Amino acid sequence: EGFEVTYLPVGSDGLIDLDRLVKEIRPDTGLVSVMAVNNEIGVVQPVEEIGKICKEFNVPFHTDAAQALGKIKVDVEKWNVSLMSLSGHKIYGPKGVGALYLRRRPRIRVEPQMNGGGQERGIRSGTVPTPLVVGMGAACELAMKEMEYDENRIKGLQERLLNGIREKIDGVVVNGSMDRRYVGNLNLSFAYVEGESLLMGLKEVAVSSGSACTSASLEPSYVLRALGVDEDMAHTSIRFGIGRFTTEEEIDRAVELTVKQVEKLREMSPLYEMVKEGIDIKQIQWAQH
Amino acid sequence: MAASGAGVPMRREVLQLYRSLLRVTRQFCDYNIREYSKRRTMDAFRDNKNLRDPSQLSAAFSHGKAQLEVAKRQSLLYSLYPPKVKSIMDF
């Protein structure tokens, strides 16, 4: 038993190629699963278009909307999703609770993960964690009311961060499309600087290289590799997250610390010295001892 | 429950509510929550300052009063288990 998985490539802006999706859908395709908002680079996939394609081919569409909920407009009818994964703590709710949206018409059938008391029509056996669920509901309600306010504010903060950094240093690349993105997630690569050393110097700023989910491995993030980012730039990426509770002072402090650390690392870097002298590092023939 | 006895607030009451909210939010131990609640209060009152319709005014006022209750309760709860380490921004 098992299933064949077809992985779709993404373009250098992080977006799925819709024509490729249409080509890869087979008569026996059971499910199309696309993340709505990527957690590492913040890119928003064209879910509406993907939903239309899935409807055309009558294939169920699942999306991971954990990072999308409360941040961009989620409309299950417009998106034509049959299944949607949601997470409580991503919308400032309690940790330890999530939800899976299952469409009613046309009904999508799932097999239960655990068998037991048969709650929720046999799909989710077990006792509902009431405080967590109420918390998630309240968080969703608030997120609905505050979405526009939060988005405007976070957009301003993101520009402040990016412009603040770009004013002081060059060689800063934003990974992922600049137009189709969630404003609170900014993934930057700093040329000639190594990601982990940058992180170690940014002790006062909570940022990550890659995402929390991949913290165990030392490999450069699979997301960036899929974007086609060069190995050396992939190793140097760090992700800034901006949220409802981020303040202007925190942004300014993050800019100050990041610029200082990047400049310090570049000064120590012999590669950067060579670049400044005009040598093209890609042309170097490294001697083997 | 219609109108819940609030009625249309007078200017004095609105200012009193504003000051009470800011006073309570100053007591939050967490830097981010403190800054957020202060900023959100100021922005909300500023956005509503041109409201003239009585039902909108009393709705906004009741909402503000409800938020004040939430803030009072939460600042008490947070102070029961204050974090041992302060935010870096508080130094």
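Residues numbered from 1 in each chain as written. Chains lettered and ligands numbered in written order. Predicted model: local features only at pLDDT ≥ 70, side-chain atom pairs only at ≥ 80, totals over all residues. Heavy atoms only, no water.

## So, the overall build of chain A
Now for step 1: Regarding its fold elements, chain A presents nine helices and seven strands.
Now for step 2: Buried positions account for 42% of the 289 residues belonging to chain A.
Now for step 3: Across chain A, contacts joining residues at least 24 apart in sequence account for 65% of those joining residues at least 6 apart.
Now for step 4: Across chain A, the 35 positively charged side chains and the 42 negatively charged ones have centroids separated by 7 Å. (Helix = DSSP H or I, 4+ residues; strand = E, 2+ residues; numbered from the N terminus. Buried < 20%, exposed > 50% of the residue type's maximum accessible area, 1.4 Å probe, protein only. Contact = heavy atoms within 4.5 Å. Lys, Arg positive; Asp, Glu negative; His and termini not counted. Charge placed at Lys NZ, Arg CZ, Asp CG, Glu CD.)

## Regarding the nonpolar core
Residues and elements named next belong to chain A.
Now for step 1: Val32, Ile165, Leu188 and Phe190 are the most contacted members of the largest nonpolar core, which has 56 residues in total.
Now for step 2: Each of domain 1 (18-139) and domain 2 (147-283) gives at least three residues to this core.
Now for step 3: Contacts of Ile165, omitting those with residues within four sequence positions, involve Val172, Leu188, Phe190, Phe240, Val255, Thr258 and Val259. (Core = buried A, V, L, I, M, F, W, Y, C linked by side-chain atoms within 4.5 Å. Domains from an automatic or database assignment.)

## Here's the deal with the sheet that holds strand β2 (residues 61-64) of chain A
All names here are of chain A.
Now for step 1: As summarised here, the arrangement of the four strands in space is β1-β2-β3-β4, forming an open sheet in which the pairing is mixed. The sheet terminates laterally at β1 (32-35) and β4 (98-102), the two strands that pair on one side only. On average, adjacent strands in this sheet sit at an angle of 15° to one another, irrespective of strand direction.
Now for step 2: Where strand β3 (residues 83-87) lies against β4, five bridges are found, and the strand directions are antiparallel. The residue of β4 that forms the bridge with Leu86 is Ala99.
Now for step 3: Docked against the sheet, helix α2 (residues 47-57) engages β1 and β2, running at close to 160° with respect to β2. (Pairing = 2+ DSSP bridges. Axes fitted to C-alpha atoms, helices over the stretch in contact; angles between N-to-C directions.)

## Quick word on the UniProt feature "domain: Complex 1 LYR protein" (unreviewed entry) in chain B
Now for step 1: The feature "domain: Complex 1 LYR protein" (unreviewed entry), as given by UniProt, occupies residues 12-70 of chain B in the numbering adopted here.
Now for step 2: In the segment residues 12-70 of chain B, helix accounts for 81% and strand for 0%; the C-alpha atoms at its two ends are 22 Å apart. (UniProt positions renumbered as here; feature names shortened; annotations may be inferred.)

## A short note on α2 of chain A
Residues and elements named next belong to chain A.
Now for step 1: If you check which residues of α2 are buried, you get Val47, Ile50, Gly51, Ile53 and Cys54. Mapping the buried residues of α2 onto a view down its axis gives an arc of 160°, with all of them on the same face. Away from its buried face, by an angle of more than 90 degrees, α2 presents the exposed residues Lys52, Lys55 and Glu56.
Now for step 2: Phi turns positive, to about 55°, at Asn58, one or two residues after α2. (Arc of directions from axis to C-beta.)

## What to know about the pairing of β3 of chain A
Residues and elements named next belong to chain A.
Now for step 1: Where burial is concerned, most of β3 is hidden: four out of the five residues are buried.
Now for step 2: As paired elements, β2 and β3 share three bridges and run parallel to each other. If you follow Thr63 over to β3, its bridge partner there is Met84.

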